[in-house]
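# Survey of secondary and tertiary structure
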Amino acid sequence: HGYEHLLLSEYSEIQEKGNNCFFLGHLVAPYITSRCLVTLSNIVQTSYNIQPASLANLRDPIVTVGNEKIRFEGFSQCAGVYARVDLLPGGYDGEFLANGTTNVDFNQPMINALGSIHKNEKVLLSIGQKEVGVYKEKEKIIERKVPLPTKWIKGLNTVQIYLAGTSEVFRLNRVQAIQLFKGLPNTHTFKDYFIGMRGKRPFLSSVKLSDGICIGGIHRLRLLQNLVPLVDEIGIFSHPSMHSTTFQLYFGVVRFTFTLSREAKRGFSGEGAALESLIEDLPEELISRFNNFNYANQSFNPTLLAIEQGFNFKQVDHLAIRLSAMGLLGFDLDDNAFFYRQLPYKLNKIMSLNPRMKGAEKLLNEGKVNIISHVDDRIEASVEGTDHAHTVIISGNSARCTCTWYAQYQGTRGMCKHVLAVKKKTNQ
């Protein structure tokens, strides 16, 4: 047979050589898999806050292979929509030759090739350190290597923390899912909507529901409309803060995860959910040790790691949060566990991406943080600013600051650099 050849290449600062092939095998459900990947590619090329002239810069999903799973994941260009296609055991007939992570480029020839796959067609998939190929008849398409956008790394660190805190609220069958999606507004709307149930029928409401799920920018759900008629069922998950909502679509051996930020105009890379996890001091040697000795898609079990490596349990819990905040851990809702991915950047680069944490460390290094009082769980501090000192008050889980960042966001986008600096100093 002649096969169409789709080649997608990796970019990495840390991996120049290695096994050429991670996986080789046939897709058991090629039609569903291809439709999910086309939807992922559409999401990757969509933006809700970037001007059209800027859209060509971010195009490449991440592919993680190992532990009998293949995961394709990516963000919309505004980083407000996270999507992942999981090819589960039973979804392929092939062999895992090695474990690894690469990133690929979704160009139009690739989308056309995936979109032309038929239900009964034989499709061969190969994924390697430097290429990903989809083989069917006749055509051959080759894509060149591209760098992974740092904006995505910042998005990965936030979305996984939200996913780890979500819980399932509704489970819809195909008929219910179609009913829900028929009620989507036809125009863009940035106000909050709520999903509720009347008996066994799901519905959307622009009025707040006490037992409903809140979704901002609900028009973004239209990205899933081509998949809904094919789905077996959909699980809808919500974070207690309602800053994120996740729709998990099930197609037997293929699963599609779709997570929305609360506000369509603000992506996950701009959220502050990961910041507090970076306060705890952990030896870089510990982080590096974990990063070097784990394999792609390996489940992260903090208890087992503590026992095997001789770490204390509190330190390992902090490690789990830190690694997810760095984008090195993803989260699988069905397994209720983190999974490992190795990003193609050096650790020190990943750790330096958050400007507010860098600003907090600069304040500490320059001696500009003065703790006025620290009684029980209440802290009052003065932090020297550019023009004048800011007062920080931390009481239990709440924190306030007199800076303009706090005045503008009231803590909805994470802590300001002044609060971060005070927390880090008191922890030290």
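The structure reproduced in this document is the subject of the present report. Source: prediction; values computed, not measured.

### Quick word on the overall build of the protein
When helices and strands are tallied, the protein shows 11 helices and 24 strands. For the protein, the exposed area adds up to about 19100 Å²; of that, 47% sits on carbon and sulfur atoms.

### Section: the sheet that holds strand 18 (residues 299–300)
With antiparallel pairing, three strands are arranged side by side in an open sheet as 18-20-19. Either end of the sheet is taken by a strand with one partner, and the two such strands are strand 18 and strand 19 (329–332). Both strand 19 and strand 20 (residues 337–340) contribute to a ladder of four bridges, which runs antiparallel. If you follow Phe 331 over to strand 20, its bridge partner there is Phe 338.

### Looking at the pattern of salt bridges
Counting across every chain of the model gives 16 salt bridges. Ionic pairing is found between Glu 121 and Lys 136, a salt bridge with its closest N-O pair at 3.9 Å. Taken together, the positions of Glu 121 in the loop between helix 2 (108–115) and strand 8 (124–128) and Lys 136 in the loop between strand 9 (132–135) and strand 10 (140–142) put the pair 15 residues apart, joining distant regions of the chain. For the pair Glu 121 and Lys 136, one class covers both residues: buried.

### Examining helix 4 (residues 174–182)
Along helix 4, the residues that are buried comprise Gln 176, Ala 177, Leu 180 and Phe 181. For helix 4, the arc enclosing every buried residue in end-on projection is 130 degrees, short of the 170-degree limit, so these residues lie on one face. When the buried face of helix 4 is taken as reference, the exposed residues oriented beyond 90 degrees from it are Val 175 and Lys 182. In this structure, the buried residues of helix 4 make contact with strand 11 (167–173), strand 12 (192–198), strand 13 (201–205), strand 15 (233–238) and strand 16 (244–251).

### Here we look at the pairing of strand 17 (residues 254–261)
Of all the eight residues making up strand 17, eight are buried; the element is thus mostly covered by neighbouring parts of the structure. Burial of the side chains of strand 17 extends over both faces: Val 254, Phe 256, Phe 258 and Leu 260 are buried on one face and Arg 255, Thr 257, Thr 259 and Ser 261 on the other. In this structure, strand 5 (residues 81–87) lies alongside strand 17, joined through seven bridges in antiparallel fashion. In the strand pairing of strand 17, Ala 83 is matched with Phe 258. As judged from the eight bridges shared by strand 16 and strand 17, these two strands associate in the antiparallel manner. Residue pairing for strand 17: Gln 248 is matched across the bridge by Thr 257.

### Remarks on unusual backbone geometry
Of note in the backbone geometry, Asn 336 takes a positive phi value of approximately 50 degrees without being a glycine. Examined against the element boundaries, Asn 336 turns out to sit in the loop between strand 19 and strand 20. Residues other than glycine seldom take positive phi values, yet Asp 376 does so here, at roughly 55 degrees. Looking at where Asp 376 falls in the secondary structure, it is placed in the loop between strand 21 (369–375) and strand 22 (378–384). According to the relative accessible area criterion, Asp 376 is exposed, its value standing at 71%.

### What about the nonpolar core?
Membership of the largest hydrophobic core comes to 94 residues, with the highest contact counts inside it found for Leu 221, Leu 224, Phe 247, Phe 256 and Phe 258. Residues within four places of Phe 247 in sequence aside, it is in contact with Leu 180, Ile 195, Ile 215, Leu 221, Leu 224, Ile 234, Gly 235, Ile 236, Phe 256, Thr 257 and Phe 258. If you look at the next biggest cluster of nonpolar residues, it comprises 19 residues, including Leu 364, Ile 379, Ala 381 and Ala 421.

### Considerations on the sheet that holds strand 17
Pairing is antiparallel in the open sheet, where eight strands are placed in the order 7-3-4-5-17-16-15-11. In the strand order of this sheet, the two ends are held by strand 7 (100–103) and strand 11, each with one partner. Neighbour-to-neighbour, the strand axes of this sheet turn through a mean angle of 15 degrees, independent of strand direction. The sheet contact formed by strand 3 (residues 62–66) and strand 7 spans four bridges and is antiparallel. By the bridge assignment for strand 7, Val 63 is matched with Thr 102. Across the sheet, helix 1 (residues 30–44) is in contact with strand 4 (69–75), strand 5, strand 16 and strand 17; its angle to strand 17 comes to roughly 20 degrees.

### Things to note about the side chain of Arg 84
Positionally, Arg 84 belongs in strand 5. Accessibility expressed as a relative area gives 0% for Arg 84, which makes it buried. Engagement of the side chain of Arg 84 in a polar contact is seen with the side chain of Tyr 82, the distance being 3.2 Å. Here Phe 331 takes part through its backbone oxygen, which lies 3.2 Å from a polar atom of the side chain of Arg 84. Those residues within four positions of Arg 84 in sequence are excluded, and the remaining contacts are Arg 71, Phe 72, Glu 73, Arg 255, Phe 256, Thr 257, Phe 331, Asp 332 and Phe 339.

Definitions and cut-offs
Residues numbered from 1 in each chain as written. Predicted model: local features only at pLDDT ≥ 70, side-chain atom pairs only at ≥ 80, totals over all residues. Heavy atoms only, no water. Helix = DSSP H or I, 4+ residues; strand = E, 2+ residues; numbered from the N terminus. Areas by Shrake-Rupley, 256 points an atom, 1.4 Å probe, with all protein chains shown as cover. Pairing = 2+ DSSP bridges. Salt bridge = Lys/Arg side-chain N within 4 Å of Asp/Glu carboxyl O. Buried < 20%, exposed > 50% of the residue type's maximum accessible area, 1.4 Å probe, protein only. Arc of directions from axis to C-beta. Contact = heavy atoms within 4.5 Å. Core = buried A, V, L, I, M, F, W, Y, C linked by side-chain atoms within 4.5 Å. Axes fitted to C-alpha atoms, helices over the stretch in contact; angles between N-to-C directions. Polar contact = N/O pair within 3.5 Å; in protein donor to acceptor, adjacent residues only side chain to side chain.

Just distances and angles here, no functional claims.
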